[in-house]
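An overview of the molecular structure
If you want the building blocks of each chain, they are given just below.
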Amino acid sequence: MNLFDYIRPTSVSDAIAAWQPGAAYLGGGTNLVDLMKTGALRPGTVIDITRLPGVDRIETLPNGSTRIGTLVRNSDLAHDPDFAMAFPMVAEALASGASGQLRNAATLGGNLLQRTRCAYFQDPHSACNRRFPGAGCDARNGDSDNHAILGWSDACTATNPSDLCVPLMALDAVVETQGPQGKRDIALADFHHLPGAAPHQETALEPGELILAIRLPANATASRHNSRYLKVRERTSFAFALVSAAAALQLENGRISAACLALGGVAAKPWRVPAAEKLMLGQIPGADLFRRAAEVALEGAVPSGDNGFKIDLARRTAARALALAAAGTPAQMPALPASVFGESAHV
Amino acid sequence: MSYPISLTVNGLRRDVTLEDARVTLLDLLRERLALPGTKKGCDRGQCGACTVLIDGRRINSCLTLAVTLDGAEVITIEGLANGDMLHPVQAAFVEQDGFQCGYCTPGQIMSAVGLIAEGHAGTDPERIREGMSGNLCRCAAYHGITRAVSDATRRMAEDKTKASA
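Residues numbered from 1 in each chain as written. Chains lettered and ligands numbered in written order. Predicted model: local features only at pLDDT ≥ 70, side-chain atom pairs only at ≥ 80, totals over all residues. Heavy atoms only, no water.

- Per an unreviewed UniProt entry, the recorded name for chain B is (2Fe-2S)-binding protein, and the organism is Puniceibacterium antarcticum.

- You'll find chain A entered in an unreviewed UniProt entry as FAD-binding PCMH-type domain-containing protein, with Puniceibacterium antarcticum given as the organism.

Here is the structure:
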């Protein structure tokens, strides 16, 4: 780990004023400290934001939307009874990620900013355009079975590893930020960038800009009785997704009146295709319909290496998540959250 | 630059000056505070051998910078027993054969104490296994560990009922 200066501001404005090129904000540290140990990240200054006031609460705003402060820990959000009832697939995604210890430390804002699990990004001795612009990409001729099948470029084929962001994307979440230029809202759909020719520009955040909170709109609770997160991984627990899907439906008189579907593990951002949602409107839920929606959701998917299997896997995961959502949100958190195994995973 | 911090470890106040902000809680405990019960396995948050409680919550001490813990309350494996009287989780690990080589055991036990306090697993073996998945045991004593956590959960609930009766 490189040497760095440590500062612990006590207000948001002091934190932003302390930012300088090469500085990093520290939340739970589960990703940042890990990458500092490998040498992939070498911040000159670490700005500890964990004591900032007013950004560690879950609150309902007068307009009915839900605001979650950036310092709320994954475990606290997943197990908040009111939140889990209103947004069950968000709670399930959180509970399916990492381990009990990591969920106790990891923060909401940090989850949005967690870096790719691409081994060549994490290894400072490998070529990586994301870590070092223009360096090249060792993943193109390396282990690529867990890389992107959508939205990738020759410069970068990495995926976004977040579980949380997948249901947040499906529910039209908004990111509240504050930076040197003041406060603003960024739609989560616009928050993570596809790599294009500049994969190092990972998010819409400007230098020094800090996430303050995430907001979920009031109508995002309407699908709470029919929503699921499903995550396919190489082992049942404590593993990142190969592919995942968040599915939320509203049913009226046996027909679908609203549908949301987002995919994880397939691209550098959570993947959402409005046409796939639209074709389900007014229809009777069923396996054929969900298969067709999944086909549309994966339109344009191309392997970026040894990962052609992920295209079919993502289709099946999307279709099954929709079927699970149609069958109804489980009354309690499944023993194995978001797993394809266990009682709650059958339809 | 040096960083003076003050924290409570196993009930004792410790004032430490860190010469370097890179020190993790794990290294502080083992190298500076003579508490080597907390183990270093992967040192990257993947194995759970370094699990301790901070302000009552289980975390990986290898990913926690000590400098961030000014004012915190830390409990390690050395702080669990009451004299010669083992903590119920420690006793259950002995009775249920929840270890072989023992290297992961302090982390397993601290994680189990945290899990039981969280209260989401109860005595359901599936939920216990899921809740303990952040702790690897290369001797694969998982069967005994699951039984030990389940037993300790039951015993601690009974003790609580008795205490309030």
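**Looking at the overall build of chain B**
- Of the regular secondary structure elements, chain B holds five helices and five strands.
- For 165 residues, the compact-globule formula gives about 15 Å, and the C-alpha radius of gyration of chain B, at 16 Å, lands near that figure.
- Over its C-alpha atoms, taken along the principal directions, chain B stretches across nearly 50 × 40 × 30 Å.
- A buried classification covers 52% of the 165 residues belonging to chain B.
- A separation threshold of at least 6 residues defines the contact pool for chain B, and within that pool the share at least 24 residues apart is 55%. (Helix = DSSP H or I, 4+ residues; strand = E, 2+ residues; numbered from the N terminus. Rg over C-alpha atoms; globule rule 2.2 N^0.38 Å. Buried < 20%, exposed > 50% of the residue type's maximum accessible area, 1.4 Å probe, protein only. Contact = heavy atoms within 4.5 Å.)

**Brief notes about the interface of chain A and chain B**
- Listed as interface residues are 39 residues of chain A and, on the opposing side, 32 residues of chain B.
- Summed over the shared surface of chain A and chain B, the number is four salt bridges.
- A salt bridge links Asp43(B) to Lys37(A); the nearest nitrogen and oxygen atoms lie 3.0 Å apart.
- Counting the contacts that link chain A with chain B gives 21 residue pairs in polar contact (both at pLDDT 80 or more).
- Of all the elements in the fold, those that place two or more residues in the side of chain A that touches chain B are strand 1 (5–7), helix 2 (32–38), helix 3 (74–78) and helix 6 (100–105) of chain A.
- Looking at the side of chain A that touches chain B element by element, the count peaks at six residues for helix 6 of chain A.
- Grouping the amino acids of the side of chain A that touches chain B by side-chain chemistry returns 15 nonpolar, 14 polar and ten charged. (Salt bridge = Lys/Arg side-chain N within 4 Å of Asp/Glu carboxyl O. Polar contact = N/O pair within 3.5 Å; in protein donor to acceptor, adjacent residues only side chain to side chain. Nonpolar A, V, L, I, M, F, W, Y, C, P; charged D, E, K, R; others polar.)

**A short note on the UniProt feature "domain: FAD-binding PCMH-type" (unreviewed entry) in chain A**
- UniProt feature "domain: FAD-binding PCMH-type" (unreviewed entry): in the numbering of this structure it lies at residues 1–221 of chain A.
- When the span residues 1–221 of chain A is considered, its composition is 26% helix and 17% strand, and the gap between its end C-alpha atoms is 43 Å. (UniProt positions renumbered as here; feature names shortened; annotations may be inferred.)

**Some details on unusual backbone geometry**
Residues and elements named next belong to chain B.
- Notably, alanine 34 is not glycine yet its phi reads approximately 55°, a positive angle.
- If you trace the backbone, alanine 34 turns up in the loop between helix 1 (25–32) and strand 3 (51–54).
- Despite not being glycine, aspartate 97 has its phi angle at roughly 60°, a positive value.
- Mapped onto the elements of the fold, aspartate 97 is located in the loop between helix 2 (88–95) and helix 3 (105–118).

**Regarding the side chain of Lys231(A)**
All names here are of chain A.
- Within the secondary structure layout, lysine 231 lies in strand 9 (residues 227–232).
- For lysine 231, a relative accessible area of 1% translates into the label buried.
- Polar side-chain contacts of lysine 231 include one of 2.8 Å to the backbone oxygen of serine 96.
- Excluding residues that lie within four positions of it along the chain, lysine 231 makes contacts with Ser96, Gly97, Asp163, Ala239, Phe240, Ala241, Val243, Ser244, Ala338 and Ser339.

**Section: the sheet that holds strand 1 (residues 3–9) of chain B**
All names here are of chain B.
- Here five strands make up an open sheet; going across it, the order is 2-1-5-3-4 and the pairing mixed. Of all strands in the sheet, those with a lone pairing partner are strand 2 (12–18) and strand 4 (57–60), marking the two edges. Neighbour-to-neighbour, the strand axes of this sheet turn through a mean angle of 40°, independent of strand direction.
- Here two bridges tie strand 3 to strand 5 (residues 73–75), and the two strands are oriented antiparallel to one another. Across the sheet, the residue bridging to leucine 53 is isoleucine 75, located in strand 5.
- Across the face of the sheet, helix 1 comes into contact with strand 1, strand 2, strand 3 and strand 5 while running at roughly 105° to strand 2. (Pairing = 2+ DSSP bridges. Axes fitted to C-alpha atoms, helices over the stretch in contact; angles between N-to-C directions.)

**Comments concerning the sheet that holds strand 10 (residues 243–252) of chain A**
Residues and elements named next belong to chain A.
- Reading across the sheet, the four strands line up as 9-10-11-12 and stay open at both edges, with antiparallel pairing between neighbours. Two strands in the sheet have a free side with no partner beyond their single neighbour: strand 9 and strand 12 (271–272).
- One ladder, built from two bridges, connects strand 11 (residues 255–264) with strand 12; its direction is antiparallel. For leucine 263, the partnering residue across the bridge sits in strand 12 and is tryptophan 271.

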